[in-house]
Amino acid sequence: MAFVVSAGLGLVKASGVATVVDGRVRNGKKIGRRQGAGMVRMAGDGGDASAAPIGIGIIGCGRIGQVHARTVATLQTARLVMVADPFEDFGRKVEKEFGTTWVSDWKELVANPDVQGVVIGSPTPFHAEQIIACAEAGKDIFCEKPISNDLKVIDKCMEAVQKHKVRLLVGFQRRYDSNFMKIKRVIEEGGIGQVRTFHITSRDPAPPPKEYLEKSGGIFLDMASHDFDMARFVTGSEIEEVFVTGTAFDPEARAAGDLDTVVTVLKMKSGAFGTIENSRRCGFGYDQRIEVFGSEGSVSGSNKSPDQVVVSGKSGISSGLPFSFFMDRYTDAYAGVMTAFVDMMMVNTPSPVTGADGRAPIVAGMAAAISAKENRPVRLVEVDSFISDSV
């Protein structure tokens, strides 16, 4: 059994709430800006100064937990009430830096009545148990992807969220990247007409070690899941079929029984189709580009670099390389998605990136793995009888 709760393929649409488009005020309050998949307010913007800050708790004080803690600390509309991590060194570091309270047991954080929303940044095997516990406690939930790589487990989480009438926002931060938000907005405003084809390029600077790859779930569930989500996001349509060509060039992937270079052809329910190119290795940095072609034009997003300087001279024209680390490339996007979580609670809107949005890339990844193994197109209905029609 599976559930659809306002799949976030487009802008949030909710009645009875104050709405702001491009900074204009409606219903007497300036809340933020509509950008891409939800209401995004840059960290530090005011919000409703008369409202009490939203109490936030963060489970996991590793790299991603620290990133989210930093964003929460900059928001006037949020207060970092508590963090939880079994490792004291990590927990004490966040406690000291952000003036919050650390506990070793995440269940204590969930039980804290001052915590209204919980950010789950723990390792993937803990996500489902923590989502269900948060839902039962009546807390809104932000969870890093994936919810799980098991569809039945995801469905149990979504059932708990629905049963207890809380909201789940899945952390596909790329939806809040300025390039990709602009692409989405141009398409929704009719700037390129009917979407016909798209090309997504996603290449990492260097492959992770064999030990990581063995536990990652494979390139389609680990790496390409972001790109499956981006295909749904920019086209506003569900993935219907995938066909994969791929191989393992490097020893890390071969040793893990995985692929490191793949091209996936996708057919969407809307009739559009496109490609996703994934590579675990890219000699010039973190390569993240999208082009969407429509009946009346095209829109594309290029790589981002530490600077935008171009040097022109007799020997040629040169510019800097792209960022070499995903946390640097998507710094603002991580701030944007966490701000959206706080705004969701402050303004009381539906989740802009739901459990259904977290589930769909897992179905696509499973279909892609079958396609790569059997060398044939695979319809997603072969993998799962539930494919969201909420576009």
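That block above? That's the structure.
Owing to the predicted nature of the structure, the values given are computational and were not obtained by experimental measurement.

Caption draft 1: Quick look at the pairing of strand β14 (residues 297–301). Bridge count between strand β13 (residues 287–294) and β14: 5 bridges; the pairing is antiparallel. The partner of E291 across the bridge, within β14, is S300.

Caption draft 2: Here's a closer look at the sheet that holds β13. If you walk across this open sheet you meet the 7 strands as β14-β13-β9-β12-β11-β10-β17, and the pairing is mixed. What marks the edges here is a single partner per strand, and that holds for β14 and β17 (378–379). On top of the sheet, helix α9 (residues 225–235) reaches β9 (195–203), β10 (239–247), β11 (261–268), β12 (273–279) and β13; it is set at about 150 degrees to β9, its chief contact. Against the sheet, helix α13 (residues 355–374) makes contact with β10 and β17, and its axis sits at roughly 45 degrees relative to β10, the strand it touches most.

Caption draft 3: Quick peek at the sheet that holds strand β6 (residues 117–120). Ordered by their spatial adjacency, 6 strands build an open sheet running β5-β4-β3-β6-β7-β8, and the pairing between neighbours is parallel. With one partner strand each, in any of the chains shown, β5 (101–103) and β8 (168–170) form the two edges of the open sheet. Neighbour-to-neighbour, the strand axes of the sheet open up by a mean angle of 20 degrees, direction not taken into account. Bridge count between strand β3 (residues 54–59) and strand β4 (residues 78–84): 6 bridges; the pairing is parallel. Opposite I56, over in β4, you have L80 as the bridge partner.

Caption draft 4: View of the packing of helix α1 (residues 63–74) against helix α12 (residues 331–347). Packing of α1 against α12 brings their axes to within 9 Å, and their N-to-C directions diverge by 65 degrees. Crossing of α1 over α12 shows right-handed handedness. Counted together, I64, V67, H68, T71 and V72 of α1 and Y334, A335, M338 and T339 of α12 form the full contact between these two elements. Residues belonging to the contact of α1 with α12 are distributed by class as follows: 6 nonpolar, 3 polar and no charged.

Caption draft 5: Broad picture of the pattern of salt bridges. On inspection of all chains with the given rule, the structure shows 26 salt bridges. Where R175 meets D357, a salt bridge forms, and the shortest distance between an N and an O atom there is 3.7 Å. With R175 in the loop between β8 and α6 (178–188) and D357 in helix α13, this residue pair connects regions lying 182 residues apart in the sequence. Under the relative-accessibility criterion, D357 is labelled buried at 0%. Of the charged contacts in the structure, one is a salt bridge between R203 and D287, with a shortest N-O distance of 2.6 Å. Placement of R203 in strand β9 and of D287 in strand β13 is noted, with a sequence separation of 84 residues between them.

Caption draft 6: Summary view of α12. End to end, α12 covers 24 Å across 17 residues, agreeing with the expected 24 Å (1.5 Å per residue, within 8%). By the criterion of burial, α12 is predominantly enclosed, with 14 of the 17 residues buried. N348 lies just past α12 and shows a positive phi near 65 degrees.

Caption draft 7: Looking closely at the nonpolar core. Ranked by size, the top nonpolar core spans 99 residues in total, and within it I56, I141 and V292 carry the most contacts. Looking at which element gives the most residues to this core, the answer is α12, with 9 residues. Ignoring anything within four residues of it in the chain, the contact list for I56 reads V72, A78, R79, L80, V81, M82, V115, G117, V119, F341, V342 and M345.

Caption draft 8: Layout of the state of the cysteines. On inspection of all chains with the given rule, the structure shows 0 disulfides. Here C143 is not disulfide-linked; the sulfur of C157 is the nearest cysteine sulfur, at 7.7 Å.

Caption draft 9: Representation of unusual backbone geometry within the structure. In the segment running from K145 into P146, the intervening peptide bond is cis, with an omega of -5 degrees. Its identity is not glycine, yet K165 carries a phi of approximately 55 degrees, on the positive side. Following the sequence through the fold, K165 ends up in the loop between α5 (151–163) and β8. Despite not being glycine, N375 shows a phi value in the positive range, around 55 degrees. In this fold, N375 is placed in the loop between α13 and β17.

Cut-offs used in this document
- Residues numbered from 1 in each chain as written.
- Predicted model: local features only at pLDDT ≥ 70, side-chain atom pairs only at ≥ 80, totals over all residues.
- Heavy atoms only, no water.
- Pairing = 2+ DSSP bridges.
- Helix = DSSP H or I, 4+ residues; strand = E, 2+ residues; numbered from the N terminus.
- Contact = heavy atoms within 4.5 Å.
- Axes fitted to C-alpha atoms, helices over the stretch in contact; angles between N-to-C directions.
- Left-handed = near helix turned anticlockwise from the far one by under 90°.
- Nonpolar A, V, L, I, M, F, W, Y, C, P; charged D, E, K, R; others polar.
- Salt bridge = Lys/Arg side-chain N within 4 Å of Asp/Glu carboxyl O.
- Buried < 20%, exposed > 50% of the residue type's maximum accessible area, 1.4 Å probe, protein only.
- Expected span 1.5 Å × (residues − 1).
- Core = buried A, V, L, I, M, F, W, Y, C linked by side-chain atoms within 4.5 Å.
- Disulfide = S-S within 2.5 Å.

Functional significance is not addressed by these values, which are geometric in nature.
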